[in-house]
Amino acid sequence: MDLFDYMREQEIKQEAPLASRLRPSTLDEVVGQRHIIGKDRLLYRAIRADKLGSLIFYGPPGTGKTTLARVIANTTSARFVQLNATSAGKKDMEQAVQEAKDALGMYGQKTILFIDEIHRFNKGQQDYLLPFVEDGTVLLIGATTENPYFEVNGALLSRSRIFELKPLEKEDIKLLLRRAVTDVEKGMGSYRAQITEKALEFLADMAGGDARAALNAVELGILTTDRGGDGIIHLTLDVAQECIQKRVLRYDRDGDSHYDTISAFIKSMRGSDPDAAVYWLARMLEAGEDIKFIARRILICASEDVGNADPQALSVAVSASLAAERVGLPEAKIILSQAVTYVASAPKSNAACLAIAEAEEAVRRTGNARVPAHLQDRHYSGAAKLGRGLDYRYAHDYPHHYVRQQYLPDELEGASFYRPADSGYEKTIAGWLDFLRRESGTEEKS
């Protein structure tokens, strides 16, 4: 590094956002994530002993993935090389690998290759790294906000230990904010600012576990608030509310938060909890989820989980889907809320869902079972000569519009697929079917 590179690096450090400047350099300075870096935990011991294997850090933004990588860089005897998958290409990886080979061959020094946003690498780029991770040329540390089981190659995963980082607790964020306000060297201590307990509580709550969001709000507050008569910058609740006006919602339409939220939404409707269902609806709407996507999930639940226990649920869901799309937001949220609370409150049955699943299995098992002769089509010339449709009994000619006869193929005669539940309207259906099978079926015409 020449003098100009050094000066540029120092300038970047000074001008970096507060969240970047405040990153810890040692394990003891790290806040939160005690479930993986507590003093009795494997990762803590491995970092201390400088005995790391390949790692994948996985978690939402602002939880300390890059911070942990930097801590490792400060404590390890290995070379530390950092790439960001959003900007790095094949040439950058080739250079990093070649330098790692040179360091290992000439000095016996291992190289830790930290790849931020590793899920941004395509399959080919990830495959390129595999042999060098396999033979120990590099120790890989990947950081990703996406579920690595979906976004990282299975071969890399099998050679790495995965650590999930969780959103920081409120007390952790409050500790960071106090440090940010008072730390003269890394934080904003030289500005002579004070933050009230109410402001701390508000920012920690609104950040939703994202330390970066809370620190950005504090930095903005200190830089834009006039000093009081005592010469001190006072970060009050009013200032905090101006600096972070909307709660940080973790919701990436292609990520875990999306799938976790929609899963909770569906399970709340299925579990007959309209309060929880409408809460998750509000979370999705607040995060900007497509109302057509939400409506489709309601439609599915109305059929899969309510079914014939309340046949009206599907009609409500269909009407809500059409109405919401036609009306649009913001009024569409009321329509969706009506459908969600109706479906959640309705009696439940998955009998129709089970019926089609079992029928499909029977089809796969029996193959092209022959249609019984009396059910075959006889509305064409020569059908009668072939015995098609003979002896078919027309149901409307019999009492209760029902006559007992074989409708399934011979291989499945007597099989039962639809078994109505003992809830809602399906209880009535079950009673009617029992009545028909018990009392009807005579061959005498009405």
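Rules used in this analysis
- Residues numbered from 1 in each chain as written.
- Predicted model: local features only at pLDDT ≥ 70, side-chain atom pairs only at ≥ 80, totals over all residues.
- Heavy atoms only, no water.
- Helix = DSSP H or I, 4+ residues; strand = E, 2+ residues; numbered from the N terminus.
- Buried < 20%, exposed > 50% of the residue type's maximum accessible area, 1.4 Å probe, protein only.
- Contact = heavy atoms within 4.5 Å.
- Areas by Shrake-Rupley, 256 points an atom, 1.4 Å probe, with all protein chains shown as cover.
- Expected span 1.5 Å × (residues − 1).
- Arc of directions from axis to C-beta.
- Pairing = 2+ DSSP bridges.
- Right-handed = clockwise from strand over helix to strand, strands pointing away.
- Axes fitted to C-alpha atoms, helices over the stretch in contact; angles between N-to-C directions.
- Core = buried A, V, L, I, M, F, W, Y, C linked by side-chain atoms within 4.5 Å.
- Lys, Arg positive; Asp, Glu negative; His and termini not counted.
- Salt bridge = Lys/Arg side-chain N within 4 Å of Asp/Glu carboxyl O.
- Polar contact = N/O pair within 3.5 Å; in protein donor to acceptor, adjacent residues only side chain to side chain.
- Phe/Tyr/Trp six-rings, centres within 6.5 Å; stacked < 30°, edge-to-face > 60°.
- Patch = residues over 30% accessible without salt bridge, like charges linked within 9 Å, V, L, I, M, F, W, Y side chains within 5 Å.

Visitor: Please set out the overall build of the protein residue by residue, giving values where relevant.
Guide: Counting its secondary structure elements, the protein contains 20 helices and 7 strands. Taking all 446 residues of the protein together, 42% fall into the buried category. Intrachain contacts of the protein at a sequence separation of at least 6 include 73% that bridge at least 24 residues. In the structure as shown, the protein presents an accessible area of about 24,700 Å², 51% of it carried by carbon and sulfur atoms.

Visitor: Can you lay out helix 19 (residues 351-366) for me, pointing to particular residues and giving the numbers?
Guide: An ideal rise of 1.5 Å per residue puts 22 Å on 16 residues; helix 19 measures up with 22 Å between its terminal C-alpha atoms. When we look at burial in helix 19, the residues that qualify are Ala351, Ala355 and Ala362. Viewed along the axis of helix 19, the buried residues span an arc of 40°, placing them on a single side of the element. Exposed side chains of helix 19 directed beyond 90 degrees from the buried face belong to Val363 and Arg364.

Visitor: Run through the pairing of strand 4 (residues 138-144), naming residues and quoting values.
Guide: Across the 7 residues of strand 4, 7 count as buried, placing the element largely inside the fold. Strand direction decides the pairing type here: strand 1 (residues 55-58) and strand 4, joined by 4 bridges, are parallel. Each residue of the ladder has a partner; that of Phe57, found in strand 4, is Ala143. Taken together, strand 3 (residues 111-116), helix 7 (residues 123-134) and strand 4 form a β-α-β motif whose crossover is right-handed.

Visitor: Break down the sheet that holds strand 5 (residues 161-164) for me, citing the residues and quoting the values.
Guide: Strand order in this open sheet of 5 strands is 2-3-4-1-5, and the pairing throughout is parallel. At either margin of the open sheet sits one strand with a lone partner, and together these are strand 2 (79-84) and strand 5. Between one strand axis and the next, the sheet turns through 15° on average, direction left out of account. The sheet contact formed by strand 1 and strand 5 spans 4 bridges and is parallel. Paired with Tyr58 across the strands is Glu164, a residue of strand 5.

Visitor: With reference to specific residues and values, describe the nonpolar core.
Guide: With 32 residues, the main nonpolar core has Leu177, Ile195, Leu203, Val218, Ile222 and Leu235 as its most contacted residues. Counting only elements with at least two residues in this core, the list comes to helix 2 (18-21), helix 10 (170-182), strand 6 (193-195), helix 11 (197-206), helix 12 (211-224), strand 7 (233-235) and helix 13 (237-243). Sequence-distant contacts of Leu203, that is, excluding residues within four places in its chain, are made with Leu177, Ile195, Ala214, Ala217, Val218, Ala240 and Ile244. With 28 residues, the next largest nonpolar core counts Met269, Cys301, Val306 and Ile335 among its residues.

Visitor: How would you sum up the side chain of Glu219? Please name residues and give values.
Guide: Position of Glu219 among the secondary structure elements: in helix 12. Here Glu219 falls in the buried class, since its relative accessible area comes to 14%. Apart from the residues lying within four places of it in its own chain, the contact partners of Glu219 are Ala16, Pro17, Leu18, Arg21 and Met188.

Visitor: Give a detailed account of helix 4 (residues 42-49), specifying residues and quantitative values.
Guide: Because each turn of an α-helix spans 3.6 residues, side chains separated by three or four positions in sequence point in the same direction. Residues of helix 4 that are buried include every one of Leu43, Tyr44, Ala46 and Ile47, and no others. All buried residues of helix 4 lie within an arc of 165° about the axis, which places them on one face of the element. Turning to helix 4, the residues buried within the fold contact helix 3 (34-37), strand 1, helix 5 (65-75) and strand 5. Within two residues after helix 4, Asp50 carries a phi angle of roughly 55°, on the positive side.

Visitor: Go over the side chain of Asp116 with me, naming the residues and quoting the values.
Guide: Tracing the chain through its elements places Asp116 in strand 3. With no salt bridge to any partner, buried Asp116 finds its closest opposite charge in Arg23, at an N-O distance of 6.3 Å. A polar contact of 3.4 Å, which involves the side chain of Asp116, links it to the side chain of Thr66. Discounting residues that sit within four places of it in the chain, Asp116 has contacts with Thr66, Leu83, Asn84, Ala85 and Ala143.

Visitor: Got a sec to walk through the packing of aromatic side chains? Specific residues and values, please.
Guide: Throughout the structure, instances matching the rule amount to 5 aromatic pairs. With centroids separated by 6.1 Å and ring planes inclined at 25°, the aromatic side chains of Phe80 and Phe114 adopt a geometry described as stacked. Highlighted residues: Phe80 in strand 2 and Phe114 in strand 3, separated in sequence by 34 residues. Assessed through its relative accessible area of 0%, Phe114 is described here as buried. Judged by centre distance (4.9 Å) and plane angle (70°), the ring pair of Tyr279 and Trp280 falls under edge-to-face. Assessed through its relative accessible area of 41%, Tyr279 is described here as partly exposed.

Visitor: Please give an account of a nonpolar patch on the surface that cites residues and values.
Guide: Taken together, the side chains of Leu314, Val318 and Leu322 make up a nonpolar region of the molecular surface, amounting to roughly 240 Å² of accessible area. The topology assignment puts Val318 in helix 17 (residues 312-327).

Visitor: Explain the pattern of salt bridges to me, using residue names and the numbers behind them.
Guide: If you walk through the whole model with that rule in mind, you get 17 salt bridges. For the salt bridge of Lys174 with Glu201, the shortest nitrogen-to-oxygen distance reads 3.0 Å. Residue Lys174 is found in helix 10, and its partner Glu201 is found in helix 11; the two are separated by 27 residues along the sequence. Looking at Lys174, the relative accessible area reads 5%, which means it is buried. For Lys292, the salt bridge goes to Asp290, with nearest N and O atoms at 3.6 Å. Under the relative-accessibility criterion, Asp290 is labelled partly exposed at 29%. Bridged by salt links that share partners, the residues Lys170, Glu171, Lys174, Arg178, Glu197 and Glu201 form one connected network.

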